[in-house]
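Examination of the molecular architecture
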Protein chains: 2
Amino acid sequence: MPTILFAAPALWSEYRDPLPAALAEAGLSDARLVTEADPAEVDYIIYAPASPLQDFTPYSRAKAVLNLWAGVERIVGNPTLTQPLCRMVDPGLTEGMVEWVVGHTLRHHLGMDRHIVNPGHVWDPTCPPLARERPVTILGMGALGSACAAALRALNFPVTGWSRTAKPGSLHGEDGLRQALSRAAILVTLLPKTPETENLLNADRLALLPRGAVILNPGRGALIDDEALLAALESGQVGQATLDVFRVEPLPPDHPYWSHPKVTVTPHIAADTRAVTAARVIAENIRRGEAGEPFLHLVDRGRGY
Amino acid sequence: MPTILFAAPALWSEYRDPLPAALAEAGLSDARLVTEADPAEVDYIIYAPASPLQDFTPYSRAKAVLNLWAGVERIVGNPTLTQPLCRMVDPGLTEGMVEWVVGHTLRHHLGMDRHIVNPGHVWDPTCPPLARERPVTILGMGALGSACAAALRALNFPVTGWSRTAKPGSLHGEDGLRQALSRAAILVTLLPKTPETENLLNADRLALLPRGAVILNPGRGALIDDEALLAALESGQVGQATLDVFRVEPLPPDHPYWSHPKVTVTPHIAADTRAVTAARVIAENIRRGEAGEPFLHLVDRGRGY
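Summary of the structure given here. (Residues numbered from 1 in each chain as written. Chains lettered and ligands numbered in written order. Predicted model: local features only at pLDDT ≥ 70, side-chain atom pairs only at ≥ 80, totals over all residues. Heavy atoms only, no water.)

1. Brief notes about the environment of B:P49
Residue and element names in this part refer to chain B. Just so we agree on the cut-off: Numbering goes from the N terminus for both helices and strands, where a helix is a DSSP run of H or I of at least four residues and a strand is a run of E of at least two. Burial here depends on accessible area, computed with a 1.4 Å probe over protein chains only, as a share of the maximum for the residue type. Under 20% is buried, over 50% is exposed, and the range in between is partly exposed. We call two residues contacting when some pair of their heavy atoms lies within 4.5 Å.
Relative to the helices and strands, P49 is located in the loop between β3 (44-47) and β4 (64-67). On the basis of relative accessible area, P49 is assigned to the buried category, the value being 8%. Along the sequence, P49 and V101 sit 52 residues apart, while their C-alpha atoms lie 25 Å from each other. Leave out the neighbours within four places in its chain, and P49 touches Q54, N67, W69 and R74.

Structure follows, in structure tokens:
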């Protein structure tokens, strides 16, 4: 009978029903799911970055910390965290990401904005090219990037993937990055935030894109050097940007992205963890921990994700 | 050595290179492709609705009239046309249609418009539901409708198809239409224009939709009773409409659709025939005619398409 501490109070109302249901489905109906506990008794910690729990030292018995978010950059550097840490890879989150990426790729590909906002009532029947003529590059070919690549390829977009580590079918390394950027009519950034990926899209890298390329960032705000992007939009080097994530969220009201005519701000909605599907992932990892099987989505501390 | 009359002068500049290439590919490099000919010598007529050729009587030797457009409503009723008539089913046209339909479905599904036009800089991180929770209905399950259904299903949208004739996996008949409309969060109209489909979406049928449903019409303008749609938008019964085709094109500058806040006009770009791929379809049909094989995409005069 494992004791499971739900240490993300702000999310309890979302998870209080789905979690017991998922635990029961996983054959763990005898688990003790609590929102407060004596640290010495806790077997699993369900966690979110904003959690008040910051000192993991007293949780000496805990077999794993199970994050409710895909991003772990706000917890992986915590020196008191010695327990195994698992990221959330939620099928609902992946689906939502694919929908956002495919939707905004098609929006820019089809040039929808000039029809959505058309005060002059201009009828210009020039057809856009076909998707097979519009190369898309995805930086980051993990679970989310790969799912987006598959969905875009099914619509005939020629997709180039780039990944920080060598992966079959993807480019990698600095040379690979140069190639990947140089062919991107539309660039999608889906890398995790690590010291190596911070400001990955700086002025030099933006200059490698074909002139007028479109940038979609549903990954992490820090991947982009904001000053460099604004300058590239100003010069026409980057044609448009649709950004879902920012260094500070909500995006401050006076941030230049808000009123820039070539920037669309979406309010961190590309990938939301969905409680019903995420609860099943948590329950499966607890089942694995109890059965002595390896955890899913274990974070590699060396790489930081 | 068949004589092929290209009877769509406005399109000659687009087809003058792709057609000979496609004929050569099909083993017909000896064919005589001309833009003017003695009618008695013509074996095949390549045609577009706006063609000056309107009297087919003198073309007594012609084995087929090969239309460059998918729609044949402006030619099928021509009483002088006794030759077999073939529609265009262009893979490039199908791809373009799938891109438009999937793109605008995702646009409405994700609620993009409120991010593209957001003068108040509102940051509202409410996530849209997943595609699996957003039912789409497609009226018309021919080559285009089926391709759109497959692409939307690949993105997890639950798709209901309705077809005027019984087809496996689709609803049909008046009862089927009622069912199909009643479950459509997003409705896509892809029927051909025939006397039976004109004003198919009238006030009674629009009333069957769930309140606030979105309509996408990349099919034919006449499928929709415009007055009824405007009234349904006014009452909130229909939430938004994105229309690519109209009874009169270009859409007249004073048409209420232009300035209606719930209507997006796209300028008949959802499906454009692409010369390179369409030329291959024409060449294949001429090859078939010469080899005595049945033509592809032969129009059924009784049904009108």
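2. Structural notes on the packing of helix α3 (residues 91-110) of chain A against helix α3 (residues 91-110) of chain B
This is how it is decided: Axis angles are defined between N-to-C directions and span 0 to 180 degrees, where every axis is a line fitted to C-alpha atoms and, for a helix, only to the segment in contact. Orientation labels follow simple angle bins: below 35 degrees gives roughly parallel, above 145 gives roughly antiparallel, 65 to 115 gives roughly perpendicular, and whatever is left gives oblique. Handedness of a crossing is defined here by the sense of rotation of the near helix relative to the far one, left-handed for an anticlockwise turn of less than a right angle and right-handed for a clockwise turn. Classes in brief: Ala, Val, Leu, Ile, Met, Phe, Trp, Tyr, Cys and Pro nonpolar; Asp, Glu, Lys and Arg charged; the others, Gly included, polar.
Where α3(A) meets α3(B), the axes come as close as 9 Å, and the angle between the chain directions of the two elements is 120°. The orientation of α3(A) with respect to α3(B), classified from their angle, is oblique. The hand of the α3(A)/α3(B) crossing is left-handed. In contact with A:E99, A:W100, A:V102, A:G103, A:L106, A:H109 and A:L110 of α3(A), α3(B) contributes B:E99, B:W100, B:V102, B:G103, B:L106, B:H109 and B:L110. Of the residues that constitute the contact of α3(A) with α3(B), the class distribution is eight nonpolar, four polar and two charged.

3. Concerning the relation of the copies chain B and chain A
To be explicit about the condition: Copies are brought into register by a least-squares superposition over C-alpha atoms of residues with pLDDT of at least 70 in both.
Least-squares fitting of chain B to chain A yields an RMSD of 0.1 Å, with the superposition described by an axial translation of 0.1 Å and a rotation of 180°. The superposition operator between the copies reduces to a two-fold rotation axis. The position closest to the rotation axis in chain B is occupied by the C-alpha of B:G103, lying 2.9 Å away. Same-surface contact between copies: 100% of interface residues of chain B are shared with the interface of chain A.

4. Remarks on α3(A)
Residue and element names in this part refer to chain A. To keep things clear, this is the line we draw: For a helix, the expected span equals 1.5 Å multiplied by the number of residues minus one. We define a polar contact as two N or O atoms separated by no more than 3.5 Å, with the added condition that, inside protein, one atom must be a possible hydrogen donor and the other a possible acceptor, whereas residues neighbouring each other in sequence contribute only through side-chain atom pairs.
The end-to-end C-alpha distance of α3 is 28 Å, a good match for the 28 Å that 20 residues give at a rise of 1.5 Å each. Of all 20 residues in α3, 19 are buried, a share of seventy percent or more. Structurally, the start of α3 carries an N-cap: the backbone nitrogen of G92 is 2.9 Å from a side-chain oxygen of D90. Residue G111 follows α3 closely and has a positive phi angle near 65°.

5. Overview of the side chain of B:T105
Residue and element names in this part refer to chain B. By secondary structure assignment, the location of T105 is in helix α3. Assessed through its relative accessible area of 0%, T105 is described here as buried. Apart from the residues lying within four places of it in its own chain, the contact partners of T105 are V136, L152, F157, I186 and L216.

6. Quick look at the interface of chain B and chain A
Quick note on the threshold: A quick way to say it: buried area is the sum, across both parts, of accessible area lost when two parts are put together, with a 1.4 Å probe. One side-chain nitrogen of Lys or Arg within 4 Å of one carboxyl oxygen of Asp or Glu is enough to make a salt bridge.
Contact with chain B, which involves 49 residues of that partner, is made by 49 residues of chain A. Buried surface at the junction of chain B and chain A, summed over both partners, amounts to about 4,000 Å²; 73% is from carbon and sulfur atoms. Among the residues of chain B in contact with chain A, B:E99, B:W123 and B:W258 are the three that bury the most area, contributing 20% of the side total. Summed over the shared surface of chain B and chain A, the result is two salt bridges. Linking A:R132 and B:E95 is a salt bridge whose minimum nitrogen-to-oxygen distance equals 2.8 Å. The interface formed by chain B and chain A holds eight residue pairs in polar contact (both at pLDDT 80 or more) in total.

7. Notes on the sheet that holds strand β6 (residues 136-139) of chain B
Residues and elements named next belong to chain B. For the record, the criterion: What makes two strands pair is DSSP finding at least two bridges between them.
Reading across the sheet, the seven strands line up as β8-β7-β6-β9-β10-β11-β12 and stay open at both edges, with parallel pairing between neighbours. This sheet does not close on itself; its edge strands, each paired only once, are β8 (171-172) and β12 (263-265). In terms of strand pairing, β6 meets strand β7 (residues 159-163) through four bridges, oriented parallel. Looking across to β7, one finds that I138 is bridged to G161. Across the face of the sheet, helix α5 (residues 143-154) comes into contact with β6 and β7 while running at roughly 170° to β6.

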